[in-house]
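Here is how the chains run, residue by residue.
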Amino acid sequence: MSYHSTRGQAPALAFDDVLLAGLARDGGLYLPEAWPRFSEADLAGLAGLSYQQVAVRVMQPFLDGSIAEDDFAALVAETYAGFDHAAVAPLTQLGRNDWLLELFHGPTLAFKDYALQLLGRLFDHVLTKKGRRVTIVGATSGDTGSAAIEACRDRAAVDIVILHPKGRTSEVQRRQMTTVTSANVRNIAIEGTFDDCQDMVKAMFNDQPFRDQLNLSAVNSINWARIMAQIVYYFAAGTALGAPHRPISFAVPTGNFGNVYAAFAARRMGLPIRQLVVGSNSNDILTRFFESGVMSKNKVVPTLSPSMDIQVSSNFERYLFDLFGEDAARVVDFMERFRRDGRFEVGETMLANINSLFQGYRLDDEATSGVIRKLYEETGELLDPHTAIGVAAGRARRRDASTPMVALATAHAAKFPDAVEAATGIRPALPSRLGDLFERPERYDVLPNDLETVKDYVRQVARVNA
Ligand SMILES: *Cc1c(COP(=O)(O)O)cnc(C)c1O
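Numbering of residues starts from 1 in every chain and runs along the sequence as written. Per-residue local features of the predicted model are confined to residues with pLDDT of at least 70, and side-chain atom pairs are confined, for both listing and counting, to 80 or more; whole-chain, interface and lining totals are unaffected and use all residues. Hydrogens and water are ignored here; the side-chain numbers use all heavy atoms of the structure.

This brings us to the site of the ligand. For this description, a residue counts as near a given molecule or strand if any of its non-hydrogen atoms is within 4 Å of it. As a matter of local geometry, the ligand sits amid 15 residues, with Lys112, Gly255, Asn256, Asn259 and Thr410 nearest to it. Whenever a nitrogen or oxygen atom comes within 3.5 Å of another N or O atom, the pair is scored as a polar contact, on the condition that within protein one atom can donate a hydrogen and the other can accept it, and that pairs from neighbouring residues in sequence are kept only if both atoms are in side chains. Between the ligand and Lys112, the relevant distance is 2.5 Å, taken from an oxygen atom to a side-chain nitrogen or oxygen of the residue. Side-chain polar atom of Thr410 to a nitrogen atom of the ligand: 2.9 Å apart, as the coordinates give it. Coverage of the ligand by the protein chains reaches 96% of its 390 Å² of free accessible surface. Taken together, the residues of the shell around the ligand sort by class into 5 nonpolar, 8 polar and 2 charged. All accessibility values rest on the Shrake-Rupley procedure with a 1.4 Å probe; residue burial counts only the protein chains present in the view. Any residue that is not Ala, Val, Leu, Ile, Met, Phe, Trp, Tyr, Cys, Pro, Asp, Glu, Lys or Arg is counted as polar, Gly included; the first ten are nonpolar and the last four charged.

Structure representation (structure tokens):
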């Protein structure tokens, strides 16, 4: 199987090269040229398998010989062995046909671990085979950095440097990054804002000689392998709740559209999904699009659900590609218009087509808080603010009560203790394996907001040429 770009101007690549490339050279995103199909019998055959077994069945067709089947099965087994629940992604029942899919059992307590833990191992495997190394550089406002660091720690072919704004992340967020003291992990606290950090990372990627010298790479949410790994839990949950014999709906708290795009991909592969409900906070560009057909950028406002404080959902381009019948020229035209005018629009017929599967729903902070409190009173479950938005969106937009609605719990409540305590009066405790987080030694370096200083630092710590 080979992969093509949504913008049609980059070379088709095999899986291992798509993994390492991330973004396509024409600025587009990679997608498989042909989607694997799971028949009803194939789906029925997933019932009763372990999460790891489902993962191998679902992802194997995408690798197409880039990684040997036994090697891949071993990587998958190792990836999820460290998760703290035997089911890896367990379902919890909230009410009749009302479910929660718990995706917070990985090392950093958020769903990104499900893909990134595999991605780190895939990088290492493919790079070692090719005799190459990479330097991963990224910026974080607090939430995504730890998932990337946990994914890359102790990987032989990878060094990772993560920039965070000094004093501007929560203590839990900082400690989740800085207490990882593996030799290949470096944390830099920049004397500046998150935007300063992000600008420096962009500048490093735009400096072609620097980029080549250090084999710079990223593990951001546009990487195809992350989508691939996320498809798995939709198959696992769907077949556990009765697919292929009955359809399932999902409600997904959404930022970059990566997670819910994986659900769309699962549907393309044959999983009977009836509805996909996209939950937004006040940064509601997607919900406005699903209501009006107009995609238009607003200013980002900070909310209780910071991982969804996004105005441009980069993975939406993958969905557009499908919507336009894989017409890359049309995708280019829309993305160009969006870049130029901050806006594009689809017609009525296309919107109706979109709405036959997708609905959006928004909650502001006050409503989110109310849902956290209500769910606690109703079920005893403590939900983090992102998850609460998913649950409320699913309940508000569900079309039929007889189809199971599965809301994705994308973070553990203890990751956002202030919001949860404010809503319920109860401060959620960190799981025991993280209980000593505040006693662990930290390691990080403080650097000024100066590009050349940061570049020198990265040159010194990267072992690309070692
Ligand atoms: C990243 C994140 C999201 C948004 O997921 P996307 O794939 O970007 O749509 C939602 N909730 C949490 C907790 C996250 O960390």
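After presenting the structure, the write-up continues.
With that settled, the discussion passes to the pattern of salt bridges. A side-chain nitrogen of Lys or Arg and a carboxyl oxygen of Asp or Glu constitute a salt bridge if their distance falls within 4 Å. Overall, the coordinates contain 33 salt bridges when judged by the stated rule. Notably, a salt bridge pairs Arg7 with Glu317, separated by 2.8 Å at the nearest N-O pair. One end of the pair, Arg7, is in the loop between strand S1 (3–5) and helix H1 (15–21); the other, Glu317, is in helix H13 (residues 316–323), with 310 residues separating them in the sequence. Beyond isolated ion pairs, a larger network of salt bridges with shared partners links Asp284, Arg288, Glu291, Arg362 and Arg397. Strands are runs of DSSP state E lasting at least two residues, helices are runs of H or I lasting at least four, and both sets are numbered from the N terminus onward.

This paragraph deals with the nonpolar core. Among the nonpolar cores identified, the biggest contains 113 residues, and Trp224, Phe235 and Phe358 are the most heavily contacted of them. Looking at this core element by element, the count peaks at 12 residues for helix H10 (residues 224–240). A contact between two residues is defined here by any heavy atoms of the two lying within 4.5 Å. Once you skip the residues sitting within four places of it in the chain, Trp224 turns out to touch Tyr3, Phe15, Val18, Tyr30, Leu31, Pro32, Trp35, Phe62, Ile231 and Arg318. For the purposes of this section, nonpolar cores are sets of buried Ala, Val, Leu, Ile, Met, Phe, Trp, Tyr and Cys residues that join through side-chain atoms within 4.5 Å. Under the scheme applied here, a residue whose accessible area is under 20% of the maximum for its type counts as buried, over 50% as exposed, and between as partly exposed, the area being computed with a 1.4 Å probe on protein chains only. Core analysis: the second largest hydrophobic core is formed by 20 residues, Val371, Ile389, Ala393 and Met405 among them.

Right, let's get into the sheet that holds strand S13 (residues 358–362). Read from one edge to the other, the open sheet built from 6 strands follows the order S3-S4-S14-S9-S10-S13, with strand pairing classed as mixed. At either end of the open sheet lies a strand with only one pairing partner, and these are strand S3 (91–95) and S13. Each strand of the sheet is rotated relative to its neighbour by a mean of 25°, with strand direction disregarded. Whether two strands pair comes down to DSSP finding at least two bridges between them. Both strand S10 (residues 273–280) and S13 contribute to a ladder of 5 bridges, which runs parallel. Within the sheet, the bridge partner assigned to Val278 lies in S13 and is Gly360. Axis lines are fitted to C-alpha atoms, over the contacting stretch for helices. Their N-to-C directions set the angle, which ranges from 0 to 180 degrees. On the sheet, helix H12 (residues 285–292) packs against S10 and S13 and is oriented at approximately 130° with respect to S13.

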